[in-house]
Amino acid sequence: MGARTVVAARGWLGTPYRHQASCKGAGCDCLGLLRGIWRELFGGEPEAVPAYSRDWSEPAREEALWQAARRHLREKAAGEPPAPGDVLLFRMREGSVAKHLGLQARIGPAASFIHAYSGHGVVESSFSRPWARRVAARFEFPEGGR
C-alpha cells in the first residue's frame, strides 16, 4: 500500500496551494492533498469536511485534525519504524495543535515527504531534522485501496 500511496502523492506535485481545495493540478492545501490521495486509493471520501480557517482549531485548542486522522487511518505506535506512505501529522509550533499533514515518500539518509505548503504548492521536501522534530503522530492508510 505504501508504494501506491507515494505514487499517488507524486502525481500531485506542482499543484498550486489553495486553502480548502482538493483538485489535482488546480489547487489544494495539505488536507486537500490527503483527501485527493484517499479518493485515488479508495473512491469517495470517508466523511464530509466542514469549512475550516487557516488557524484550524487553535483558538479552541482542539486536536480536530488528529481526531479525524484517528477515525480513518491507523495510528502508528511511537516505536514503529517509518515507512513510505506514512501520513505525517505536524505541530508547526511547540505547544500548538497539530495542523499540517504530509506523506512520507522516502526513508533513510535521503528521507523526503510530500506536502502542500503555503507559498510553494505541492512539493517533495527533504525530511530534515527541523521537520522531523515537528512530527506529532504517524498514521498509515488502511489496507484495501482499489
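Data block above holds the structure.
As the structure is a prediction and not an experimental result, all values here were calculated from the model.

**Concerning the overall build of the chain**
No. 1: The helix and strand tally for the chain stands at four helices and eight strands.
No. 2: In the chain, the order of α-helices and β-strands from amino to carboxyl end is α-β-β-α-α-β-β-β-β-β-α-β.
No. 3: In terms of C-alpha radius of gyration, the chain reaches 14 Å, essentially the compact-globule figure of 15 Å for 146 residues.
No. 4: Considered along the principal axes of its C-alpha atoms, the chain spans approximately 35 × 30 × 30 Å.
No. 5: When burial is assessed residue by residue, the chain has 44% of its 146 residues classed as buried.

**Re the nonpolar core**
No. 1: Grouped together as the largest cluster of nonpolar side chains are 30 residues, with contacts concentrated most on L33, I37, V87, L89, L101, F139 and F141.
No. 2: Those elements that provide at least two residues to this core are α1 (2–10), α2 (30–42), α3 (64–72), β4 (87–91), β5 (98–106), β6 (112–117) and β8 (135–140).
No. 3: A total of seven residues in this core trace back to one element, the largest contributor, which is α2.
No. 4: F141 has contacts with M1, T5, L34, I37, W38, L41, F42, L73, G85, V87 and L103, leaving out every residue within four places of it along the chain.

**Points about the pairing of strand β7 (residues 121–126)**
No. 1: Strand direction decides the pairing type here: β6 and β7, joined by six bridges, are antiparallel. What sits directly across from I114, in β7, is E124.
No. 2: Between β6 and β7, which pair antiparallel in sequence order, lie three residues; one of them, G119, sits at a positive phi of approximately 85 degrees.

**Description of the packing of aromatic side chains**
No. 1: Scanning all chains against the criterion turns up eight aromatic pairs.
No. 2: With a centroid separation of 4.4 Å and 40 degrees between ring planes, the pair formed by W38 and F42 is classed as tilted. In this pair, W38 and F42 both sit in helix α2, four residues apart, roughly one turn of the helix.
No. 3: Here F42 falls in the partly exposed class, since its relative accessible area comes to 23%.
No. 4: Judged by centre distance (5.7 Å) and plane angle (80 degrees), the ring pair of F113 and F127 falls under edge-to-face. A residue pair is termed long-range when its members are at least 10 positions apart, and F113 in strand β6 and F127 in the loop between β7 and α4 (129–132) qualify at 14 residues.

**Some remarks on the packing of α1 against α2**
No. 1: Where α1 contacts α2, the axes come no closer than 10 Å and their chain directions differ by 125 degrees. In terms of their interaxial angle, α1 and α2 are classed as oblique. With respect to the hand of their crossing, α1 and α2 are arranged in right-handed fashion. Contacts from R4, T5, A8 and A9 of α1 reach α2 at I37, E40 and L41.
No. 2: Of the residues assigned to the contact of α1 with α2, the class counts are four nonpolar, one polar and two charged.

**Details of the side chain of Q104**
No. 1: Examined against the element boundaries, Q104 turns out to sit in strand β5.
No. 2: Assessed through its relative accessible area of 1%, Q104 is described here as buried.
No. 3: Of note is the side chain of Q104, whose polar atom sits 2.8 Å from the backbone oxygen of R106.
No. 4: Reaching out from Q104, the side chain makes a polar contact with the side chain of R138 at a distance of 2.9 Å.
No. 5: Those residues within four positions of Q104 in sequence are excluded, and the remaining contacts are V6, P82, A83, P84, G85, D86, L88, A111, S112, F113, F127 and R138.

Thresholds applied
- Residues numbered from 1 in each chain as written.
- Predicted model: local features only at pLDDT ≥ 70, side-chain atom pairs only at ≥ 80, totals over all residues.
- Heavy atoms only, no water.
- Helix = DSSP H or I, 4+ residues; strand = E, 2+ residues; numbered from the N terminus.
- Rg over C-alpha atoms; globule rule 2.2 N^0.38 Å.
- Buried < 20%, exposed > 50% of the residue type's maximum accessible area, 1.4 Å probe, protein only.
- Core = buried A, V, L, I, M, F, W, Y, C linked by side-chain atoms within 4.5 Å.
- Contact = heavy atoms within 4.5 Å.
- Pairing = 2+ DSSP bridges.
- Phe/Tyr/Trp six-rings, centres within 6.5 Å; stacked < 30°, edge-to-face > 60°.
- Axes fitted to C-alpha atoms, helices over the stretch in contact; angles between N-to-C directions.
- Parallel < 35°, antiparallel > 145°, perpendicular 65-115°, else oblique.
- Left-handed = near helix turned anticlockwise from the far one by under 90°.
- Nonpolar A, V, L, I, M, F, W, Y, C, P; charged D, E, K, R; others polar.
- Polar contact = N/O pair within 3.5 Å; in protein donor to acceptor, adjacent residues only side chain to side chain.

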